[in-house]
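A structural walkthrough
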Amino acid sequence: MQTKYNSSKDSSRGFATFLRMSFCMLAVLLLVACGKGESDKGEAVADAKATMRSPIAKGFKLIKEKNYEKATIVVFDLVAKNPNDAEALAVMGLIYTKQDRLADAMNYAGKALELAPYQSLAHVVIGRVKYQTSHFDEALNKARKALIIDPDSALAYQLIGEVYLRKGMIDDALLVLKEVIKRESDNPEALNLMGSGYIKAKKYDQALPHLLAALKLDSKFPGTHLNLGLVYNQLNQPQKAMKHMDIAEGLYLEEENHPWVAKTRDIKRVLTKKFKMRPEDILH
């Protein structure tokens with residue numbers, strides 16, 4: 001009897017050890033699947049994680065508010081005063097990605113990395129440019145490198161999540177995007193991406209709360225309204241679906257994003273036909 005007890009206990013301990021090892025291996029694979037982690041970062045990593053300066057913090061706040069012109073003025077002032085300010089150069093690169101000035105973004109991020117090779121944000125910026133030009137594997141490699149340097153980089157996690165969504169790796173995308181929201185619960189882009197992931201997984205009831213939370217934080221983002229329209233369609237709530245598609249169309253028109261204007265109009269035609277809707281049926 002005693003022998004059986006010890007054998008069972010040893011087996012349980014062995015299984016627990018296996019689980020711990022598996023978890024560690026999964027974490028390593030997530031971070032370094034496409035490249036080795038640097039082990040000689042030393043003081044450079046500490047510099048990369050130094051306390052954020054006031055103008056940089058203000059720049060990030062303005063980026064979050066989508067006030068890119070003012071963010072440019074605030075951060076570029078640092079660059080003008082010190083052209084070798086790697087942190088400011090990287091933030092300028094981030095601003096330029098938001099403005100679709102991808103060549104400028106690459107230029108500033110490249111300069112930042114020449115000055116500070118372990119500048120996590122600069123790697124994210126280059127990864128973002130690669131993503132926006134459909135070089136997804138290169139984007140993933142850059143985001144992983146950024147995450148090795150700074151394991152708390154929400155921007156790196158978000159980029160990885162977006163790449164996984166584009167690659168159809170839905171479960172992996174949701175897992176990574178949850179890490180973004182753990183660090184930035186008020187990030188409407190990440191919440192909308194979570195919603196997109198659940199839509200792709202056909203888990204519409206799980207998509208809805210994330211999309212509503214994103215909407216509360218930013219009611220002017222057309223992608224959130226489009227996703228809400230898709231969810232309400234699947235939940236058989238045609239009036240709400242059409243309402244959000246109308247809003248999405250208007251916001252895309254303001255952005256002069258004609259391909260997405262056309263897409264929302266196509267979806268609206270499908271909704272109208274599916275639910276046999278009349279103009280008076282739509283809530284505004």
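Relevant structure appears above.
Read on for an overview of the structure.

What counts and how
What you see as residue numbers is a count from 1 along each chain, following the sequence as written. Whole-chain, interface and lining totals are the exception, using all residues; otherwise, since this is a predicted model, local features are given only for residues with pLDDT of at least 70 and side-chain atom pairs are given and counted only at 80 or more. Side-chain measures were taken over the full set of non-hydrogen atoms in the model, leaving aside hydrogen atoms and water. Secondary structure follows DSSP: runs of H or I at least 4 residues long count as helices, runs of E at least 2 residues long count as strands, and numbering of each begins at the N terminus. Classification of residues uses two cut-offs on accessible area relative to the type maximum, computed with a 1.4 Å probe and protein chains only: under 20% is buried, over 50% is exposed, and between them is partly exposed. Surface exposure here means Shrake-Rupley accessible area, sampled with a 1.4 Å probe, where a residue is shielded only by the protein chains that are shown. Every axis corresponds to a line fitted to the C-alpha atoms, with the helix fit spanning only the stretch in contact, and the corresponding angles, defined between N-to-C directions, vary from 0 to 180 degrees. Oblique is the label for every angle not falling under 35 degrees (roughly parallel), over 145 degrees (roughly antiparallel), or within 65 to 115 degrees (roughly perpendicular). Two helices that cross are described as forming a left-handed crossing if the nearer one is turned anticlockwise from the farther one by less than a right angle, and a right-handed crossing if clockwise. Residue contacts are counted whenever heavy atoms from the two residues lie within 4.5 Å of one another. Side-chain classes are defined by residue name, with Ala, Val, Leu, Ile, Met, Phe, Trp, Tyr, Cys and Pro counting as nonpolar, Asp, Glu, Lys and Arg as charged, and the others, Gly among them, as polar. Helix span is expected to be 1.5 Å times the residue number reduced by one. Under the rule applied, a polar contact is a pair of N or O atoms within 3.5 Å (in protein, one hydrogen donor and one hydrogen acceptor; residues adjacent in sequence only if both atoms are side-chain atoms). By salt bridge we mean one thing: a side-chain nitrogen of Lys or Arg within 4 Å of a carboxyl oxygen of Asp or Glu. Only buried residues count toward a nonpolar core. Its members are Ala, Val, Leu, Ile, Met, Phe, Trp, Tyr and Cys residues joined through side-chain atoms within 4.5 Å. What counts as a ring pair is set by centres within 6.5 Å for rings of Phe, Tyr and Trp (its six-membered ring), and what kind of pair is set by the plane angle: stacked under 30 degrees, edge-to-face over 60, tilted for all other angles. We call a charge positioned above a ring when the Lys NZ or Arg CZ atom is no farther than 6 Å from the ring centre and deviates by at most 35 degrees from the ring normal.

Right, let's talk about the overall build of the protein for a bit. Check the secondary structure of the protein and you find 15 helices and zero strands. Relative to its full complement of 284 residues, the protein shows a buried share of 42%. For the protein, the accessible area works out to roughly 16,000 Å², and carbon and sulfur atoms hold 56% of it.

The subject of this paragraph is the packing of helix H10 (residues 170-183) against helix H11 (residues 188-200). Remark: H10 packs on H11, axes separated minimally by 9 Å, with the N-to-C direction vectors making an angle of 160 degrees. Classed by the angle they form, the pair H10 and H11 counts as roughly antiparallel. Relative to H11, H10 is oriented so that their crossing is left-handed. Every residue of H11 that contacts H10 at Ile170, Leu174, Leu177, Lys178, Val180 and Ile181 is listed here: Ala190, Leu191, Leu193, Met194, Gly197, Tyr198 and Lys200. For the contact of H10 with H11, the class distribution of residues is ten nonpolar, one polar and two charged.

Once that is clear, we can look at helix H13 (residues 222-234). Its 13 residues place the ends of H13 19 Å apart at the C-alpha level, agreeing with the 18 Å of an ideal helix rising 1.5 Å per residue. The buried fraction of H13 amounts to eleven of the 13 residues, a majority that puts the element mostly inside the structure. The set of residues buried in H13 consists of Pro222, Gly223, Thr224, His225, Leu226, Asn227, Leu228, Gly229, Val231, Tyr232 and Asn233. On its buried face, H13 sits against H11, helix H12 (204-217), helix H14 (238-255) and helix H15 (258-275). At the exit of H13 stands Asn236, carrying a positive phi of roughly 60 degrees.

Another point: helix H7 (residues 120-132). Residues that lie three or four places apart on an α-helix share one face, since the helix turns once every 3.6 residues. Its 13 residues give H7 an end-to-end C-alpha distance of 19 Å, which sits within 8% of 18 Å, the value for a rise of 1.5 Å per residue. Burial analysis of H7 places eleven of its 13 residues in the buried class, which makes it a mostly covered element. Those residues of H7 not exposed but buried are Ser120, Leu121, Ala122, His123, Val124, Val125, Ile126, Gly127, Arg128, Val129 and Tyr131. Of the surrounding secondary structure, the elements contacted by the buried residues of H7 are helix H3 (54-64), helix H5 (86-98), helix H6 (102-115), helix H8 (136-149) and helix H9 (154-167). The backbone nitrogen of Leu121 lies 3.2 Å from a side-chain oxygen of the residue at the head of H7, namely Gln119. Downstream of H7 by one or two residues, Ser134 has phi in the positive range, about 65 degrees.

Following the criterion strictly, the structure yields 18 salt bridges and no others. Here Asp186 ties to Lys64 by a salt bridge, and the two come within 2.3 Å at their closest N and O atoms. Residue Asp186 is located in the loop between H10 and H11, and its partner Lys64 is located in helix H3; the two are separated by 122 residues in the primary sequence. By relative accessible area, Asp186 is classed as partly exposed at 33%. Note on Lys64: relative accessible area 51%, which makes it exposed. Across the pair Glu179 and Lys182 runs a salt bridge whose closest N-O atoms are separated by 3.1 Å. One end of the pair, Glu179, and the other, Lys182, are both in helix H10, three residues apart, so they sit about a helical turn from each other. Accessibility expressed as a relative area gives 64% for Lys182, which makes it exposed.

Moving on: unusual backbone geometry. For Lys66, which is not a glycine, the phi torsion comes out positive at approximately 65 degrees. Mapped onto the elements of the fold, Lys66 is located in the loop between H3 and helix H4 (68-81). When its relative accessible area of 36% is taken as the criterion, Lys66 is described as partly exposed. Of note, the phi angle at Asp100 is positive, near 60 degrees, even though the residue is not glycine. Checked against the element boundaries, Asp100 lands in the loop between H5 and H6.

By the secondary structure assignment, Leu211 is in helix H12. By relative accessible area, which is 0% here, Leu211 ends up buried. Sequence-wise, Leu211 and Leu228 are 17 residues apart; in three dimensions their C-alpha atoms are separated by 6.6 Å.

A word on the nonpolar core. Core analysis: the largest hydrophobic core is formed by 48 residues, its most contacted members being Ile160, Val163 and Val231. With eight residues, H9 is the single largest residue contributor to this core. Here Val231 is in contact with Ile199, Tyr204, Ala207, Leu208 and Leu211, once residues within four sequence places are set aside. The next biggest cluster of nonpolar side chains, apart from the first, holds 29 residues, and it includes Leu78, Ile95, Ala112 and Ala122.

We now examine the packing of aromatic side chains. According to the stated counting rule, one finds three aromatic pairs in the structure shown. Cation over ring: Lys111 sits above Tyr108, and NZ or CZ is 5.7 Å from the ring centre.

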